[in-house]
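# Reading the structure
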Amino acid sequence: MIQAQHLEDFIKSVEFLKAQAIENCKSEDCDSAIAKVDSFLAALGYKSDLEGSADHGSTETQQAQPVVDKYSTLGKDESIWFKLSVLLNTDNPMRVLARLSEKYGGCIPVNLKTGKVFFLSEPQHFRHVLVSNEDKYIKYFEGLKPIFGNSMITIDGALWQKIRKPQQPAFHPNMYADYIPYFRSAVETRIKAWDEISETGQTIDLLEETWALAAEMVTKALFDREVPFNPHIVFNAVKSYTDVQNHKSLRLRQVAGSLEEIGEEPPAKAIDAWLELAPIVFGAEPREHRTNTLLNMMQRAEEDDSIPEFDRQQTIDEMKQYLWAGTETTALTTAWAIYMMTVHPDMKEKVRAEAKSIFDNNDTVDLDQVRNLAFTKSVIQETLRHFPPIWSLIRTAKETDHINGHRIRPGDNVVLSTYVSHHNPKYWKNPDEFNPGRFASPQAIKAQIKYSYLPFGLGKRSCIGGAMAILEATLALAELLHHFEPEYVGTKPAVPEASVTLVPKGGLPFRMHKR
């Protein structure tokens, strides 16, 4: 356990804490250094305000959904976006977490003057929190209600179950065959755009392009709509909002008294643009007037008297989470996979061989044929291990629990680091090596340590669209590499940056060349 008297040792282990903080810790007054550690913990989900944590309240209390001021988290020190700014101080905070996890046996309990947080990275801990004792914890996602409202991503307990149930059928594997034509239609839009780009030699941000692709997949397949917005504009709004440097600047200027009109700040304008998006999609003309889409299912739930909570605003809020969270996962996975294929050209050619056998010999492509892209799928699965978009899962204890001999009290937070588990040499041979062979066969997958691979979470709160995201990314990777030779034009190898998701630091600059 890390006690206050050992704070200097902990700070030295966390390389990105500023030298001034270390100096403070060497003196008698450790407040500044402790604050740095508090910020680091908070960046990974530690809630500094534990007022009333002794009894966290019932499930019903957690389900109360107050009206949220859309700018309520901007410029505030409790904002998750400001807390994440501490991660700007290191090139690779994930490596720091991995070293700490190894040092403290996969369970790092940290005592602070404001409470306690536990960093967990062992598979048995994931199972304990997310499966065996899931009712003892609630989901923690501070600061996202202004953009997700009361969607599934921000609610818990019985209300979450009621809201999820009518949406679940849209993600049953039996539905995927219906989605393939719409996924392919979205890929064809990118192919046409990249054809033009390749003629000019223009450099693109690959993540921006795959975000546009994923947004079109969601809009067409799940909502039966053409994309009634410019996805590049929306991507840049999302990027502006999730740029932790913007939030750090807001906070510093607010403290200094120089922040005048918050509504004119880039993150605030991004919120305004985002909140308009779901109603625009909802109000757009249906493409084919399909009756079994996710949007139809949610509209039918609005009419179900047994779910009075599911009203029109609930539908709009759910659309927000799919347009952002659903899009983000597929976009990041596809972008990272394309980048890794430029690093491993032999793998790229294997993907192309699979793609050729499918796309050159068939006028139409169905689900069974996409499932034959076995190596391509293994590339996507290995990409999710190497660069998990959701690099940590955060929960707050609502009742007493025990983990690894430590007592978890109500109000304590646990941070489940999937990235650390995905890169732990105890569970993965040569974990920093990109090796799709880990997923090449049922036998290889079965040989993995259970619960060591969690790209979409675990238990009942696992991502509702995880399997669909793998299908989308597999199809996109195969078809895009079939048509284009991607050229990475960055000046140095791409590295991940930890925001709420694991994004490429500085973007992924690419040029596309027609084959």
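In this text, all values refer to a predicted model and were calculated from it rather than measured experimentally.

### Examining the nonpolar core
- In this structure, Tyr179, Phe183, Trp194, Phe223, Met319, Met341 and Leu477 are the most contacted members of the largest nonpolar core, which totals 117 residues.
- The greatest single-element share of this core, amounting to 14 residues, is contributed by helix α16 (residues 312-343).
- With sequence-adjacent residues up to four places away left out, Met319 is seen in contact with Phe223, Ala278, Val281, Phe282, Leu295 and Met298.

### Let's talk about helix α22 (residues 466-483)
- With 18 residues, α22 ought to run about 26 Å at 1.5 Å a step, and its terminal C-alpha atoms sit 26 Å apart, in line with that.
- Among the 18 residues in α22, 16 count as buried, and that is most of the element.

### Regarding the pairing of strand β5 (residues 393-397)
- Buried residues dominate β5, accounting for five of its five residues.
- Strand direction decides the pairing type here: β5 and strand β8 (residues 413-416), joined by four bridges, are antiparallel. In the strand pairing of β8, Ile394 is matched with Val415.

### A look at the sheet that holds strand β4 (residues 204-205)
- Reading across the sheet, the three strands line up as β4-β12-β9 and stay open at both edges, with antiparallel pairing between neighbours. Lying at the two open borders of the sheet, with one neighbouring strand each, are β4 and β9 (484-488).
- Examined bridge by bridge, β4 and strand β12 (residues 509-514) share two bridges and lie antiparallel to one another. Looking across to β12, one finds that Ile204 is bridged to Phe510.

### A few points about empty space enclosed by the protein
- According to the stated counting rule, one finds one cavity of 30 Å³ or more in the structure shown.
- Every residue lining the largest cavity is listed: Leu97, Ser101, Gly106, Ile108, Phe119, Leu120, Ser121, Ser417 and Val420.

Cut-off values and rules
- Residues numbered from 1 in each chain as written.
- Predicted model: local features only at pLDDT ≥ 70, side-chain atom pairs only at ≥ 80, totals over all residues.
- Heavy atoms only, no water.
- Core = buried A, V, L, I, M, F, W, Y, C linked by side-chain atoms within 4.5 Å.
- Buried < 20%, exposed > 50% of the residue type's maximum accessible area, 1.4 Å probe, protein only.
- Helix = DSSP H or I, 4+ residues; strand = E, 2+ residues; numbered from the N terminus.
- Contact = heavy atoms within 4.5 Å.
- Expected span 1.5 Å × (residues − 1).
- Pairing = 2+ DSSP bridges.
- 1 Å grid on protein atoms, 1.4 Å probe; cavity = no way out; pocket = protein on both sides within 12 Å on 5 of 7 lines; lining within 4 Å.
- Points joined across faces, edges and corners; volume = space filled by probe spheres on them.

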